[in-house]
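One-letter residues, chain by chain:
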Amino acid sequence: AGMSTPKRVNSPAGISSDTRDLLALHAPMTGGSFKESQGSSGKYTQLSEMHADEGGSNGSLYRERKRSRTMLTVVGPPVIITKFNAQGQPEEPRFVHGSIRMLKGNALYLLLVFVPIACLPETLHFSDTMTFLMSCVAILPLAGLLGEATEQVAFHTNETLGGLLNATFGNATELIVAYFALKKGLLEVVQVSLLGSILSNTLLVLGCSCLVVGIRQTQAKFNLVAAQANTTLLQIAILGLVVPTAMESTGQFSAHGAVDLILSRGIAISLLVLYVLYVYFQLFTHAALFESPRASGEKSGRSTEEEEEEEEAEEILLPLSGAMAWLGLATVAIAYLSEALTGAIEGTTAQLGISDTFVGFVIIPIVGNAAEHSTAIVMAWKGKMDLAFGVALGSSTQIALFVIPVMVIIGWIIDQPMDLYFGVYETVITFLSALIVSHVVGDGETNWLEGAMLLFTYFIICFAFFFYHHDPAGAQGAHELAHARFLAEALRS
């Protein structure tokens, strides 16, 4: 849809009868024509002067994918397959049939069998460690289900509203887990888990994506504008953590004190406003800047065969009510399991002899982001680096600009002293990691060595966190002692 010139689909074998019937039926409805002819290079299908329907300029174009060879290269918005009935009207997806197809489409959903088991820790007499492990396993598929249900809801809306839905629910799992941890007063767990989510996306996921695409391509290109926008916003959000940390370290105020909370809440509100402006910039005023080079008609520098690689079409599997039902069910299940998981953290760390900071920084972020991690890596393996970078960097930016400030505001509401003083060590590690990532994405292309560098950076940080124990009271005492020594030396002189 939206074609101003005839388009031709080259294929040795033409197209299937189902696709032919759909095109022949839909072309007249959109003011276009459809025909299949025999050319010198084999059969081809021609779609001429097909215009977008009433939905706007981002209509749908039917296409078909072969295992051996792609048939059509389409740029622009994602292709969404819609089935039509004999009367030419779009068929309403069936809830049961669509749910079965959705659940069978991802092997991760096999872990859903652990959800009812994880919901009954007291009945099954689980220890804290077993409760924690079972909750982690059960949240893995639910996080993926939450994301897929959000996409299905977005298919029934326009492009702008769909983007807003994905932006809102993109990190719902981390937000839910962090809320229940904050409600229990586990401030350090909330802080390091959010920082861990940022670093797992920017270092682990991005590193894996660069590594796997580097196996198939010498140099892989990506949308530099979107990558730089995300990394710059991420650095600004980290600045919001550096300012309270620097002021506390210089003795301007004490952690979790009145001045610290006022400053943190003011910065949090500022970051939320910046996040809203970024979403508006991305979806409304400068949406074209965030399209891939192929969507903008630019040459990507890839080979002819790679340029012809076709993106898979997306299909509406669920009706709107069914998608919202799955969205609500996944949200409620994650909320219930998050409460059980956060309640078992202290007992688990005591039984296993590991620190709260390691659990919060490494384990919880990987559990909450596993579905996004797998998506980004699969997209990178297929050569879709814009999507891979969008998942990794976009998720990090959303956590830094949206989730962390929201947790500060929620702590204000429920009377928990959640601030932006995350500790000197944690803040320095996060700042340096963001600096490394900005250098990696600065040239608009990547390779396997850059991926390896990001992965080793993440490994070094995780290994250090295994031995690190967050002790704000001890740190504050050490700071006061150093300050007293400084005053004594000044008086002596």
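Please read all numbers here as calculations on a predicted model, not as lab measurements. (Residues numbered from 1 in each chain as written. Predicted model: local features only at pLDDT ≥ 70, side-chain atom pairs only at ≥ 80, totals over all residues. Heavy atoms only, no water.)

Details of the overall build of the protein
The helix and strand tally for the protein stands at 17 helices and seven strands. Here the protein, with 493 residues, has 46% of them falling under the buried criterion. Considering only contacts within the protein whose residues lie at least 6 apart along the sequence, 79% involve residues at least 24 apart. Counting every atom, the protein has about 23,700 Å² of accessible surface; 62% of that belongs to carbon and sulfur. (Helix = DSSP H or I, 4+ residues; strand = E, 2+ residues; numbered from the N terminus. Buried < 20%, exposed > 50% of the residue type's maximum accessible area, 1.4 Å probe, protein only. Contact = heavy atoms within 4.5 Å. Areas by Shrake-Rupley, 256 points an atom, 1.4 Å probe, with all protein chains shown as cover.)

Some remarks on a nonpolar patch on the surface
Judged by side-chain polarity, Ile269, Val273, Leu277, Trp412, Ile413 and Ile414 come together as a nonpolar surface patch covering roughly 590 Å² of accessible area. At three residues, helix H9 (residues 258–285) tops the list of elements feeding residues into the nonpolar patch. By the element assignment, Val273 lies in helix H9. For Val273, a relative accessible area of 46% gives the class partly exposed. (Patch = residues over 30% accessible without salt bridge, like charges linked within 9 Å, V, L, I, M, F, W, Y side chains within 5 Å. Salt bridge = Lys/Arg side-chain N within 4 Å of Asp/Glu carboxyl O.)

With respect to the environment of Leu111
Tracing the backbone shows Leu111 in the loop between helix H2 (95–104) and helix H3 (114–118). With 30 residues separating them along the chain, Leu111 and Pro141 place their C-alpha atoms 6.0 Å apart. Other than its neighbours up to four places away in sequence, Leu111 contacts Val137, Leu140 and Pro141.

Some points on the pattern of salt bridges
A complete count under the given rule lists one salt bridge for this structure. Linking Lys221 and Glu445 is a salt bridge whose minimum nitrogen-to-oxygen distance equals 3.0 Å. One end of the pair, Lys221, is in strand S5 (residues 220–221); the other, Glu445, is in strand S7 (residues 445–446), with 224 residues separating them in the sequence. Under the relative-accessibility criterion, Glu445 is labelled partly exposed at 22%.

Brief notes about the packing of aromatic side chains
The tally for this structure, following the rule as stated, stands at 13 aromatic pairs. Plain terms: the ring middles of Phe463 and Phe467 are 5.3 Å apart, the flat faces sit at 85° to each other, and that makes the pair edge-to-face. Placement of the pair is Phe463 and Phe467 together in helix H16 (residues 448–467), with a separation of four residues, close to one helical turn. Accessibility expressed as a relative area gives 55% for Phe467, which makes it exposed. (Phe/Tyr/Trp six-rings, centres within 6.5 Å; stacked < 30°, edge-to-face > 60°.)

Description of unusual backbone geometry
Within the chain, His125 stands out as a residue other than glycine whose phi angle is a positive 60°. Residue His125 is classed as exposed on the basis of its relative accessible area of 70%. Here the phi dihedral of Asp415 falls at roughly 65°; this positive angle occurs in a residue that is not glycine. By the secondary structure assignment, Asp415 is in the loop between helix H14 (385–413) and helix H15 (424–440).

Focus on the nonpolar core
Considering soluble globular proteins, one finds that nonpolar side chains tend to be buried as a cluster. One finds Leu206 and Phe389 to be the most contacted residues of the largest nonpolar core, which totals 109 residues. At 16 residues, the largest contribution of residues to this core is made by helix H7 (residues 187–216). Discounting residues that sit within four places of it in the chain, Leu206 has contacts with Asn201, Phe389, Ala392, Leu393, Val437, Val441 and Leu454. (Core = buried A, V, L, I, M, F, W, Y, C linked by side-chain atoms within 4.5 Å.)

Concerning helix H8 (residues 224–249)
With 26 residues, H8 should cover 38 Å at 1.5 Å per step; its first-to-last C-alpha distance of 36 Å lies within 8% of that length. The backbone nitrogen of Val225 lies 3.1 Å from a side-chain oxygen of the residue at the head of H8, namely Asn223. Just downstream of H8 lies Gly251, where phi reads positive at about 80°. (Expected span 1.5 Å × (residues − 1). Polar contact = N/O pair within 3.5 Å; in protein donor to acceptor, adjacent residues only side chain to side chain.)

Some thoughts on H2
If you check which residues of H2 are buried, you get Gly98, Ser99 and Met102. The arc that holds every buried residue of H2, seen down its axis, measures 100°, which confines them to one face. Turned more than 90 degrees off the buried face of H2, the exposed positions are Val96 and Lys104. Structurally, H2 contributes buried residues whose contacts are with helix H4 (128–155) and helix H11 (320–343). (Arc of directions from axis to C-beta.)

Some points on the confidence of the model for the protein
Predicted confidence across the protein gives a mean pLDDT of 76, with 69% of residues reaching 70 or more. The low-confidence segment residues 29–80 (pLDDT under 50) makes 137 contacts with residues lying over four places distant or belonging to another chain. Below a pLDDT of 50 lies the segment residues 295–311, which in the model reaches 33 contacts outside its immediate sequence neighbourhood of four places, other chains included. (pLDDT = per-residue confidence, 0-100.)

Re the state of the cysteines
Evaluated as defined, the whole model comprises zero disulfides. The thiol sulfur of Cys210 is not disulfide-bonded, and the nearest other cysteine sulfur, from Cys208, lies at 9.5 Å. Residue classification places Cys210 among the buried residues on the basis of a relative accessible area of 0%. (Disulfide = S-S within 2.5 Å.)

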